[in-house]
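# Reading the structure
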Amino acid sequence: ARNAQTPNAAQPMAAAPAPATVPAPETVAAMPGANGQTPLTIEMLANASPAEQKTIVGERLYPLIYEREPQLAAKLTGMMIGLDISEILHLLESPAALEENIKEALEVLQEHNDAAS
């Protein structure tokens, strides 16, 4: 569970330090908007605060996670929002990476549930 966050990471991320790196324009510009959303552009991220960046990518990440894990989509999205913005963008453009991260997050949740019972 290298990239998965602990379940406590689903807390609001406003106080978390945000990375200063913004991905290359060609990376972000290639990402279509999901469910009729405006396509994600470098300008959208560059003009957004770190908290707004997390919201923007979270809104795109959630529907992709929901397709695979509808019951846990909100929890898993919250866990992944704790990742570095560049890692989240990678998950948006790589279905295989997203699938692997979902599996890791599910393992973390299972370990947490096992420990709590």
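Everything discussed here concerns the structure shown above.
Described below are features of the structure shown in this document.

Basis of the calculations
Residues numbered from 1 in each chain as written. Predicted model: local features only at pLDDT ≥ 70, side-chain atom pairs only at ≥ 80, totals over all residues. Heavy atoms only, no water. Axes fitted to C-alpha atoms, helices over the stretch in contact; angles between N-to-C directions. Helix = DSSP H or I, 4+ residues; strand = E, 2+ residues; numbered from the N terminus. Parallel < 35°, antiparallel > 145°, perpendicular 65-115°, else oblique. Left-handed = near helix turned anticlockwise from the far one by under 90°. Contact = heavy atoms within 4.5 Å. Nonpolar A, V, L, I, M, F, W, Y, C, P; charged D, E, K, R; others polar. Core = buried A, V, L, I, M, F, W, Y, C linked by side-chain atoms within 4.5 Å. Buried < 20%, exposed > 50% of the residue type's maximum accessible area, 1.4 Å probe, protein only.

## Structural notes on the packing of helix H3 (residues 50–68) against helix H5 (residues 85–93)
Packed helix pairs are specified by the crossing angle of their axes together with the interaxial distance, meaning the distance between the axes. In contact at an axis separation of 10 Å, H3 and H5 are set at 30° when each is read in the N-to-C sense. On the basis of the axis angle, H3 is roughly parallel to H5. Of the two elements, H3 crosses H5, and the hand of that crossing is left-handed. Contact with H3, carried on its side by Gln 53, Lys 54, Val 57, Arg 60, Leu 61 and Leu 64, involves Ile 85, Ile 88, Leu 89, Leu 91 and Leu 92 of H5 and no other residues of that element. A class-by-class count of the residues in the contact of H3 with H5 yields eight nonpolar, one polar and two charged.

## Things to note about the nonpolar core
Residues Val 57, Leu 61, Ile 65 and Met 80 are the most contacted members of the largest nonpolar core, which totals 24 residues. Those elements that place two or more of their residues in this core are H3, helix H4 (73–81), H5 and helix H6 (95–116). The leading source of residues in this core is H6, at six residues. For Leu 61, the residues in contact, after removing those within four places along its chain, are Met 80, Ile 88, Leu 91, Leu 92 and Leu 98.

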